[in-house]
Structures are given as structure tokens and as C-alpha cells.
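Spelled out, the chains give:
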Amino acid sequence: MEGKKTEGKQKIPMMKIENESDRYASFSKRRSTLYDKASELVGECDVDIGIILFSPANKPHSFFHPTAEAVLDRFKNPVFTMLNLSKLEFMALDISGNNYLPWLLDAEIHLGAKGLGDTIKEGNEALSQDNAKAMIFLGHHLDERLKSEYLTLKDPF
């Protein structure tokens, strides 16, 4: 058996690319590859992911799944586990209230689908057990830090 004709795959040492235009081109290509790999990871492993990069020209670039807010909230509050997230029919109300309108629409739709739509109307005459079901459902869709305030109210409706 004769020796190899090529050296095969070689490990290239990591060094700063000195040529500015080459560095920008390399960053752009590697950023795209990184985003593709992150997207594959999300699809294959059902994970939340967040990537923040600054280009050589100091321009910010990011990739988040499902959203930047969701990933950052999970990072800041690790008690909020994937187990909790998987039980949610829609995104929890953020403590900042930034997602209030979409959250409210989702809550109304889901409560209506469960036959509990009247429980969130002022002056409703819903059964107390229906009100309790609605409170439990809404409580599951609140940021963990809001739950303590919400649970101190006897009848938020």
C-alpha cells in the first residue's frame, strides 16, 4: 500500500484576519453558518436559543427563538423551566407588560374556547368554579414574578 497523496483535512490555526475586507466577508459567512446551525438545533432538539453578535464594524446582529424576550426572561429567571413553558397555550404575560395586548387577545380566545369567556367580563354571573378555572388558567400564563401579586387578589374579575 502506497502512502497518501494528499495531507487530508488540516486543522487551521485560529488567528485574527488582518485584511479588513477579508475579515468582514468571513464574519458574514460565519454568521450565516452560525444562524443555520442554531436554526437546526431549534428544529432537531426543540430548544430556546439566543445569539448576539457585533460585527467588526460594531453593528449588532442577533438570532433568537422563540423571541428575544422569552430567551432573556428564561435566562434571568431559570426557575421558569421548559416544563412550565410546554404547558402554555400561548406566551406568558411579561412583567414589563410589553406583550399585554397580544396576551389579552390570546387569553380571550383560549378562555372562550374553553367555555370560560364570560368569566373575564366585568359583572359576570359565571359560576364560581368557572371563575376559579379561569384564574388558574390565567395564572399559568403570567410571568413568575407577576404570579405572587396576582394570587393575592381574591377576585381579580
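Residues numbered from 1 in each chain as written. Predicted model: local features only at pLDDT ≥ 70, side-chain atom pairs only at ≥ 80, totals over all residues. Heavy atoms only, no water.

Focus on the confidence of the model for the protein chain
Parts of the model with low pLDDT should not have their predicted coordinates read in detail.
Argument step 1. In the predicted model, the protein chain carries a mean pLDDT of 83, and the fraction of residues at 70 or more is 85%.
Argument step 2. Between the elements of the protein chain, mean pLDDT differs from a low of 48, seen in helix α3 (residues 82-86), to a high of 94, seen in strand β1 (residues 49-54). (pLDDT = per-residue confidence, 0-100. Helix = DSSP H or I, 4+ residues; strand = E, 2+ residues; numbered from the N terminus.)

Regarding helix α2 (residues 68-76)
Argument step 1. Buried within α2 are the following residues: Ala70, Val71 and Asp73. Looking down the long axis of α2, one finds its buried residues gathered within 165° of arc, a one-sided arrangement. Those residues of α2 that are exposed and angled more than 90 degrees off the buried face are Glu69, Phe75 and Lys76. (Buried < 20%, exposed > 50% of the residue type's maximum accessible area, 1.4 Å probe, protein only. Arc of directions from axis to C-beta.)

Focus: the pattern of salt bridges
Argument step 1. The final tally for this structure, using the stated rule, is two salt bridges.
Argument step 2. A salt bridge links Glu40 to Lys37; the nearest nitrogen and oxygen atoms lie 3.9 Å apart. Note that Glu40 and Lys37 are positioned in helix α1 (residues 20-45) at a spacing of three residues, about one turn of the helix.
Argument step 3. In this structure, the salt-bridge partner of Lys121 is Asp118, at a minimum N-O distance of 3.3 Å.
Argument step 4. For Asp118, a relative accessible area of 48% translates into the label partly exposed. (Salt bridge = Lys/Arg side-chain N within 4 Å of Asp/Glu carboxyl O.)

Comments concerning the nonpolar core
One recurring pattern in soluble globular proteins is that nonpolar side chains are buried together.
Argument step 1. Listed in full, the 11 residues of the largest apolar core are Phe90, Leu93, Trp103, Ala107, Leu111, Leu116, Ala134, Phe137, Leu138, Leu142 and Leu146.
Argument step 2. Setting aside chain neighbours within four positions, we find Trp103 in contact with Phe90, Met91, Ala92, Leu93, Leu138, His141 and Leu142. (Core = buried A, V, L, I, M, F, W, Y, C linked by side-chain atoms within 4.5 Å. Contact = heavy atoms within 4.5 Å.)

Concerning the pairing of strand β2 (residues 60-65)
One face of the sheet, then the other: side chains in a regular strand alternate in exactly this way.
Argument step 1. In this structure, β1 lies alongside β2, joined through six bridges in antiparallel fashion. The residue bridging Leu53 from the neighbouring strand is His61, located in β2.
Argument step 2. The antiparallel hairpin formed by β1 and β2 contains five residues in its connecting segment, where Asn58 sits at a positive phi of about 65°. (Pairing = 2+ DSSP bridges.)

Here's the deal with the packing of helix α4 (residues 100-113) against helix α5 (residues 128-140)
Argument step 1. Viewed as axis vectors pointing N to C, α4 and α5 meet at an angle of 140°, and their least axial separation amounts to 11 Å. As far as their axial angle goes, α5 and α4 are oblique. Considering how the two elements wind past one another, α4 and α5 form a crossing that is right-handed. In contact with Trp103, Ala107, His110 and Leu111 of α4, α5 contributes Ala134, Phe137 and Leu138.
Argument step 2. Among the residues making up the contact of α4 with α5, the classes are represented as six nonpolar, one polar and no charged. (Axes fitted to C-alpha atoms, helices over the stretch in contact; angles between N-to-C directions. Parallel < 35°, antiparallel > 145°, perpendicular 65-115°, else oblique. Left-handed = near helix turned anticlockwise from the far one by under 90°. Nonpolar A, V, L, I, M, F, W, Y, C, P; charged D, E, K, R; others polar.)

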